[in-house]
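Working through the structure, step by step
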Amino acid sequence: MVVYYGQRATQGGLLIAEATAISETASGFPDVPGIYTDEQVEAWKDVVDAVHAKGGIIFSQLWHAGRASHRVYQPDGQATVSSTSKAISENWKVVVEDFRQAAVNAIQAGFDGIEIHGAHGYLIDQFLKDMVNDREDEYGGPVENRCRFLMEVVQAVAEAIGIDRVAVRISPVFDYIDGVDSDPHKLGLEVVKRLNKLQEDLGSKLSGVEALENGVADLIGYGRLFISNPDLVYRFKINAPLNPYNRETFYINDPVIGYTDYPFLDEKTHSSLKPTN
Ligand SMILES: Cc1cc2nc3c(=O)[nH]c(=O)nc-3n(C[C@H](O)[C@H](O)[C@H](O)COP(=O)(O)O)c2cc1C
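In short, a report on the structure. (Residues numbered from 1 in each chain as written. Predicted model: local features only at pLDDT ≥ 70, side-chain atom pairs only at ≥ 80, totals over all residues. Heavy atoms only, no water.)

The subject of this paragraph is the environment of Ala240. With respect to the helices and strands, the residue Ala240 is situated in the segment after α10 (232–237). Excluding residues within four positions of it along the chain, Ala240 makes contact with Arg235 and Leu265. (Helix = DSSP H or I, 4+ residues; strand = E, 2+ residues; numbered from the N terminus. Contact = heavy atoms within 4.5 Å.)

This is how it looks when you write it as structure tokens:
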């Protein structure tokens, strides 16, 4: 991981690291990282240091998979937590606290900020989407209620580490693992409206509207092409051709293949970041 993220770091470039479990109940796949134990925080420091050494900026993506998990990944094989109305409502306070603590841990590990994973059918998205959320309390029903859990998480995290270090990823339109909403446009606007309001309330200098004034977007993120091009930023800068990505090696359990073995354009200047094992 140190080599992988180090390869992709550039002066002033922002990396958002992979989905990272915020607690023992948050994981959904084998071999995914966490940020809730001291040992994990220590391990992330080496990754963060490698990125900072090249002048890069790195955010930790805080993640709870919710029902997109399985008993085998849960402590004592217990049932997964989710947005269903049958769950015990006190559980949500625990999960909000887990996000807050994981954010503090990420800053302690040296991350420049965090991104709350509110997308792709995972826990927060399970609250946002009306085709999943069947709760009958104040966390379910109308869109204002379905946003409540996300906003509680964002507020707790922003108060703990400062709102300028907090990002939120949402995917109102995307239908992955049945995360479907009957009115994605309305849901997306509602979330953005609430996030802008919170940003104003918490006294940040930059308003979302101002930031948008001069363009359609503030930031464009890259996924697959950044996996296959460690020097993606450099290639964009000089308009160089890109390595194609290999789908077969996405998500595989190997320390090198598909992660740190994609070639740099200029091998000589990057020889120190070649995989070592
Ligand atoms: C192997 C792989 C792992 C991914 N892991 C995450 C993740 O942990 N968190 C996340 O928000 N998106 C994740 N994504 C989605 C990407 O961030 C991105 O949305 C997607 O690849 C589409 O953008 P692209 O066309 O630039 O690849 C992953 C994608 C791939 C291919």
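What follows deals with the site of the ligand. Around the ligand, the neighbouring residues are Glu18, Ala19, Gln61, His117, His120, Arg169, Tyr222, Gly223, Arg224, Ile227, Phe250 and Tyr251. The contact in question runs from a nitrogen atom of the ligand to an N or O atom on the side chain of Gln61, over 2.8 Å. Within the contact set of the ligand, an oxygen atom lies 2.7 Å away from a side-chain nitrogen or oxygen of Arg169. Coverage of the ligand by the protein amounts to 68% of the 610 Å² it exposes when considered alone. (Near = heavy atom within 4 Å. Polar contact = N/O pair within 3.5 Å; in protein donor to acceptor, adjacent residues only side chain to side chain. Areas by Shrake-Rupley, 256 points an atom, 1.4 Å probe, with all protein chains shown as cover.)

Taken as a whole and judged by the stated rule, the model has 8 salt bridges. With its nearest N and O atoms 3.0 Å apart, the salt bridge here joins Asp125 to Lys129. Neither Asp125 nor Lys129 differs from the other in exposure class; each is buried. Asp181 is the partner of Arg146 in a salt bridge, and the nearest nitrogen-oxygen pair spans 2.9 Å. Of this pair, Arg146 sits in helix α5 (residues 143–146) while Asp181 sits in the loop between β4 (166–170) and α7 (184–201), and the two are 35 residues apart along the sequence. Exposure remark for Arg146: the relative accessible area of 7% places this residue in the buried category. For Asp181, a relative accessible area of 8% puts it in the buried group. One network of salt bridges, in which partners are shared, links Glu190, Lys193 and Arg194. (Salt bridge = Lys/Arg side-chain N within 4 Å of Asp/Glu carboxyl O. Buried < 20%, exposed > 50% of the residue type's maximum accessible area, 1.4 Å probe, protein only.)

Turning to helix α2 (residues 38–53), a few remarks are in order. An ideal rise of 1.5 Å per residue puts 22 Å on 16 residues; α2 measures up with 23 Å between its terminal C-alpha atoms. The complete set of buried residues in α2 reads Gln40, Val41, Trp44, Val47, Val48, Ala50 and Val51. Remark: Gly55 follows α2 within two positions and exhibits a positive phi of approximately 80 degrees. (Expected span 1.5 Å × (residues − 1).)

With that settled, consider empty space enclosed by the protein. This model, assessed by the stated rule, comprises 1 cavity of 30 Å³ or more. Estimates place the volume of the largest cavity at around 50 Å³. In terms of lining residues, the largest cavity is bounded by Gly118, Asp125, Leu128, Lys129, Ile170, Ser171, Pro172, Leu187, Gly188 and Val191. Breaking the lining of the largest cavity down by element, the ones donating at least two residues are α4 (123–128) and α7. Classifying every residue of the lining of the largest cavity gives 5 nonpolar, 3 polar and 2 charged. (1 Å grid on protein atoms, 1.4 Å probe; cavity = no way out; pocket = protein on both sides within 12 Å on 5 of 7 lines; lining within 4 Å. Points joined across faces, edges and corners; volume = space filled by probe spheres on them. Nonpolar A, V, L, I, M, F, W, Y, C, P; charged D, E, K, R; others polar.)

Here we come to the packing of aromatic side chains. What the rule picks out here adds up to 11 aromatic pairs. Taken together, a centroid distance of 5.1 Å and an interplanar angle of 55 degrees make the contact between Tyr222 and Phe236 tilted. In this pair, Tyr222 is assigned in the loop between α8 (208–212) and α9 (224–228) and Phe236 in helix α10, connecting sequence segments 14 residues apart. Here Tyr222 falls in the partly exposed class, since its relative accessible area comes to 44%. Its relative accessible area of 40% is what places Phe236 among the partly exposed residues. Through a chain of ring-to-ring contacts, the aromatic side chains of Tyr4, Tyr5 and Tyr259 assemble into a single cluster. (Phe/Tyr/Trp six-rings, centres within 6.5 Å; stacked < 30°, edge-to-face > 60°.)

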